Amino acid sequence: MIDFFTKRRDIVIDLGTANTIVCLEPQGVVFNEPSCIAIERKYGSDKVVAIGSKAKAMRGKTPEKLKVIYPLSSGAISDFEMTKTFMGTLISGLLGRFIFKPRVGISIPQNLTPVERNSLYEATLLAGAKEVVLIEDPFSAAVGAGIDISSSRGRMIVDLGSGLTEVSIISLGGLVASKSSKVAGDSLDMAIVEYIKHHKSLSISKDMAEEIKIKLGNIENPSHEERMSAKTKDLIHGLPVSFEISSYEL
Ligand SMILES: Nc1ncnc2c1ncn2[C@@H]1O[C@H](COP(=O)(O)OP(=O)(O)O)[C@@H](O)[C@H]1O
Ligand SMILES: [Mg+2]
């Protein structure tokens with residue numbers, strides 16, 4: 001029991017453009033939800049209404065005073081104040097479980113500027129962390145994939161995110177080379193939106209395209225056909241229709 005209260009607890013957060021994952025020891029993943037925040041502007045100040053999946057579900061259905069924001073885009077922080085609020089809400093929500101302030105590790109994209117890194121560091125301390133360690137994405141991805149990052153053998157890590165694909169070579173615990181491209185998961189979604197527009201004269205949302213990609217996209221066994229049906233709006237008449245799409249088309 002004493003061990004439970006005195007043992008230092010660590011939190012590791014993968015702060016992604018689309019999704020944020022939080023891992024606690026020894027429970028494992030305790031949060032895996034969109035990097036999304038819903039705020040209400042009241043008397044000139046912002047109040048957090050929801051974060052994660054709850055906030056995402058409000059998108060497109062909010063009254064004027066409520067805003068749903070994805071504060072990171074293409075792996076960089078596009079709305080810093082909101083990123084701080086998101087991290088603050090996330091960490092203080094988790095800190096309820098801690099008697100002592102925990103150490104917090106944050107996995108960040110390599111393209112953050114020193115100013116952004118510093119502000120994120122400060123924001124996490126402000127949210128109640130005892131110590132903050134920023135870990136670059138390729139290293140956390142490599143550790144997650146069970147790769148020994150201290151080995152002298154060069155390893156290539158490909159991290160395909162929503163807005164950014166990062167390809168890195170690591171060796172002996174350091175980054176040897178890296179390149180990133182904005183062609184990533186979102187580009188695949190947009191390609192599906194375009195395909196359905198041109199081949200079926202239907203308009204679908206990016207979220208529906210993502211659902212189709214996840215359900216039907218299959219590079220491991222491309223000869224196996226899967227089909228799904230979905231509902232959307234006809235581009236010509238504006239009426240609701242259902243359509244079928246197959247993994248072969250994708
Ligand atoms: N099972 C899957 N098959 C194909 N793409 C997927 C699958 N699961 C998630 N994705 C895609 O991965 C991207 C999100 O990756 P993630 O690492 O969470 O993003 P980020 O690091 O940018 O927050 C999205 O484009 C999502 O559609
Ligand atoms: Mg990611």
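Residues numbered from 1 in each chain as written. Chains lettered and ligands numbered in written order. Predicted model: local features only at pLDDT ≥ 70, side-chain atom pairs only at ≥ 80, totals over all residues. Heavy atoms only, no water.

1. Focus on the domain arrangement of the protein
For step 1, the next point in the chain: Each assigned domain of the protein is listed with its residue range as follows: domain 1 (2-35 + 70-141), domain 2 (36-68), domain 3 (148-181) and domain 4 (185-246).
For step 2, the next point in the chain: The C-alpha centroid of domain 4 is placed 32 Å from the C-alpha centroid of domain 3. (Domains from an automatic or database assignment.)

2. Topic: the pattern of salt bridges
For step 1, the next point in the chain: Enumeration according to the criterion identifies 13 salt bridges in this entry.
For step 2, the next point in the chain: Where Asp 189 meets Lys 206, a salt bridge forms, and the shortest distance between an N and an O atom there is 3.5 Å. Here the residue Asp 189 occupies a position in helix H6 (residues 185-200), and Lys 206 occupies one in helix H7 (residues 206-216), the gap between them amounting to 17 residues.
For step 3, the next point in the chain: The class of Asp 189 is buried, set by a relative accessible area of 1%.
For step 4, the next point in the chain: The exposure class of Lys 206 is partly exposed, given its relative accessible area of 32%. (Salt bridge = Lys/Arg side-chain N within 4 Å of Asp/Glu carboxyl O. Helix = DSSP H or I, 4+ residues; strand = E, 2+ residues; numbered from the N terminus. Buried < 20%, exposed > 50% of the residue type's maximum accessible area, 1.4 Å probe, protein only.)

3. Considerations on the environment of Gly 105
For step 1, the next point in the chain: Relative to the helices and strands, Gly 105 resides in strand S9 (residues 103-108).
For step 2, the next point in the chain: Discounting chain neighbours no more than four positions away, the residues touching Gly 105 are Ile 11, Val 12, Ile 13, Val 133 and Ile 135. (Contact = heavy atoms within 4.5 Å.)

4. Describing the sheet that holds strand S15 (residues 227-234)
For step 1, the next point in the chain: In space, the 3 strands of this open sheet follow the order S14-S15-S16, with antiparallel pairing throughout. Each end of this open sheet is capped by a strand with a single partner; those strands are strand S14 (202-203) and strand S16 (240-246).
For step 2, the next point in the chain: Judged from the 7 bridges that link them, S15 and S16 form a sheet pairing that is antiparallel. The residue of S16 that forms the bridge with Arg 227 is Ser 246.
For step 3, the next point in the chain: The sheet contacts of H6 involve S14 and S16, and relative to S16 the element is tilted by about 110°. (Pairing = 2+ DSSP bridges. Axes fitted to C-alpha atoms, helices over the stretch in contact; angles between N-to-C directions.)

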